[in-house]
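The primary structure of each chain is shown beneath.
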Amino acid sequence: MKKLLFVLAVLCVCSLSFAGGSKDSDSQKIKVGATPEPHAEMLNLVVSDLAEQGITLEVVEFTDYVTPNEALESGQIDANFFQHLPYLDSFNEERGYHLANAGGIHIEPMALYSKKVKSLADLKNGVVAIPNDPTNEGRALLLLQSAGLIKLKDGAGITATPLDVAENTYGLTFREIEAASLPRVLADVDAAVINGNYAIPAGLVASVDGLFVEGADSPYVNVIAVKEGNETDPRIVALVNALKSDKIRGFIKERYPNGEVVPVF
């Protein structure tokens, strides 16, 4: 009987040891959602750096702007890296979500592209495709205003829509399209305002192919987003620090020499 009790005690200790080891192992994993380029590329570059700190980084790729925030809010992932701060704030307000900025990494200048015209003057009475999500649509319209193509109503800002266009001297018609689809419809419209992370994979270089490019002082910084309260999680802090490194700065400089991606660190 004593021998049996001893064996049972040893089994219990072993079971607790394995359970504790598994929990500790899980606590050092981090699952981050990202759009493929440049976000997932950057994350994959720091996998080994985090591994040296005992952190296992798993990168989950998304191709839209909604699902990665839904996955973050629901706890399916620990962080995401695809969006700029105004979009994050707008998403929280619209959905009642609780997502926070854990650190800004870079800017991807938005630009107006065309396969049909060579200058802004040639866009008269043209069809211009713009993103259909709230903040990127407003951002696109602000870009068109900066280009002198339209004028928005006083007070219209990052949430502007075509209804806020006060002056349209070029007679533009707007087509509101999902941001990810804009490169595919570029040939079917006179011009399109495309976000950097969708323009880049399509082979579009803002400084080369853009008819008009957003300024480098853009407030639309791409951030690591987390659930509120997790900004100081050691894994998140390590991730942000790894992305704000000379390795990533060098990657950006080499991979995007024409300013398609601009680091903010």
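In case you missed it, the structure is sitting above this.
The rules behind these values
Residues numbered from 1 in each chain as written. Predicted model: local features only at pLDDT ≥ 70, side-chain atom pairs only at ≥ 80, totals over all residues. Heavy atoms only, no water. Pairing = 2+ DSSP bridges. Helix = DSSP H or I, 4+ residues; strand = E, 2+ residues; numbered from the N terminus. Contact = heavy atoms within 4.5 Å. Axes fitted to C-alpha atoms, helices over the stretch in contact; angles between N-to-C directions. Buried < 20%, exposed > 50% of the residue type's maximum accessible area, 1.4 Å probe, protein only. Parallel < 35°, antiparallel > 145°, perpendicular 65-115°, else oblique. Left-handed = near helix turned anticlockwise from the far one by under 90°. Salt bridge = Lys/Arg side-chain N within 4 Å of Asp/Glu carboxyl O. Phe/Tyr/Trp six-rings, centres within 6.5 Å; stacked < 30°, edge-to-face > 60°. Lys NZ or Arg CZ within 6 Å of the ring centre and 35° of its normal. Core = buried A, V, L, I, M, F, W, Y, C linked by side-chain atoms within 4.5 Å.

**Let's talk about the sheet that holds strand β12 (residues 221-227)**
Spatial ordering of the open sheet is given by β2-β1-β3-β12-β4-β13, a layout of six strands whose pairing is mixed. Among the strands making up the open sheet, the edge pair consists of β2 (56-61) and β13 (262-263). Pairing of strand β3 (residues 79-84) with β12 involves three bridges; the strand directions are antiparallel. Within β12, the residue paired with His 84 across the bridge is Asn 222. Contacts between helix α2 (residues 36-45) and the sheet are confined to β1 (29-34), β2, β3, β4 (99-107) and β12, with β2 contributing the most and set at about 165° to the helix.

**Considering unusual backbone geometry**
In this chain, Glu 37 is followed by Pro 38 through a cis amide linkage whose omega measures 5°. Looking at the element boundaries, Pro 38 is found in helix α2. One non-glycine residue, Asn 125, adopts positive backbone phi at about 60°. With respect to the helices, strands and loops of the structure, Asn 125 is situated in the loop between β5 (111-113) and β6 (127-131).

**As for the environment of Asn 230**
Positionally, Asn 230 belongs in the loop between β12 and α10 (234-243). For the pair Asn 230 and Asn 101, spaced 129 residues apart in the sequence, the C-alpha separation amounts to 9.7 Å.

**A word on helix α4 (residues 67-74)**
For α4, the set of buried residues is Pro 68, Asn 69, Ala 71, Leu 72 and Glu 73. Structurally, α4 contributes buried residues whose contacts are with β3, α5 (85-95), β4 and β12. Phi turns positive, to about 90°, at Gly 75, one or two residues after α4.

**So, the pairing of strand β10 (residues 191-194)**
Side chains of β10 alternate between two faces, with Ala 191 and Val 193 and Ala 192 and Ile 194 buried alike. Two elements, β6 and β10, share two bridges in a ladder whose sense is parallel. Paired with Val 128 across the two strands is Ala 191, which belongs to β10.

**A few points about the sheet that holds β10**
Read from one edge to the other, the open sheet built from five strands follows the order β9-β6-β10-β5-β11, with strand pairing classed as mixed. Edge strands, defined here as strands with exactly one partner in the open sheet, are β9 (173-177) and β11 (212-213). Where β6 lies against β9, five bridges are found, and the strand directions are parallel. Of the residues in β9, the one forming a bridge with Val 128 is Phe 174. Against the sheet, helix α6 (residues 134-146) contacts β5, β6, β9, β10 and β11, and its axis sits at roughly 135° relative to β6.

**Description of the packing of α2 against helix α11 (residues 246-255)**
For the pair α2 and α11, interaxial distance at closest approach is 10 Å and the crossing angle is 140°. By the angle class used here, α2 and α11 are oblique. Seen along the crossing, α2 lies across α11 with a hand that is right-handed. Residues Glu 37, Glu 41, Met 42 and Leu 45 of α2 touch α11, and the partners they reach there are Lys 247, Ile 248, Phe 251, Ile 252 and Arg 255.

**Structural notes on the pattern of salt bridges**
Counting across every chain of the model gives six salt bridges. Salt-bridge contacts for Asp 233 lead to Arg 235; the nearest nitrogen and oxygen are separated by 2.8 Å. As far as the burial class goes, Asp 233 and Arg 235 line up, both buried. Look at the salt bridges and you will find they share partners, linking Glu 37, Glu 41 and Arg 255 into a network.

**A look at the packing of aromatic side chains**
Applying the stated criterion to the full structure yields seven aromatic pairs. With a centroid separation of 6.2 Å and an interplanar angle of 75°, the aromatic rings of Phe 82 and Tyr 87 are classed as edge-to-face. Exposure class is identical for Phe 82 and Tyr 87. Each is buried. Three or more aromatic residues joined by ring pairs make a cluster, and in this case those are Tyr 65, Phe 82, Tyr 87, Phe 91, Tyr 97 and Tyr 198. In this structure, Lys 124 is placed above the aromatic ring of Tyr 170, and the distance from its NZ or CZ to the ring centre is 4.7 Å.

**Quick look at the nonpolar core**
Formed by 31 residues in total, the largest nonpolar core has its most connected members in Tyr 113, Ala 129, Leu 182, Ala 192 and Ile 194. Those elements that provide at least two residues to this core are α4, α5, β4, β5, α7 (182-185), β10, α8 (196-199) and β12. Setting aside anything within four residues of it in sequence, one finds Ile 194 in contact with Met 110, Ala 111, Tyr 113, Leu 182, Pro 183, Leu 186, Ala 199 and Leu 204. In terms of nonpolar packing, the next biggest core, distinct from the first, is built from 28 residues, Val 32, Met 42, Ala 79 and Ile 248 among them.

Treat this as a map of the structure, not an account of what it does.
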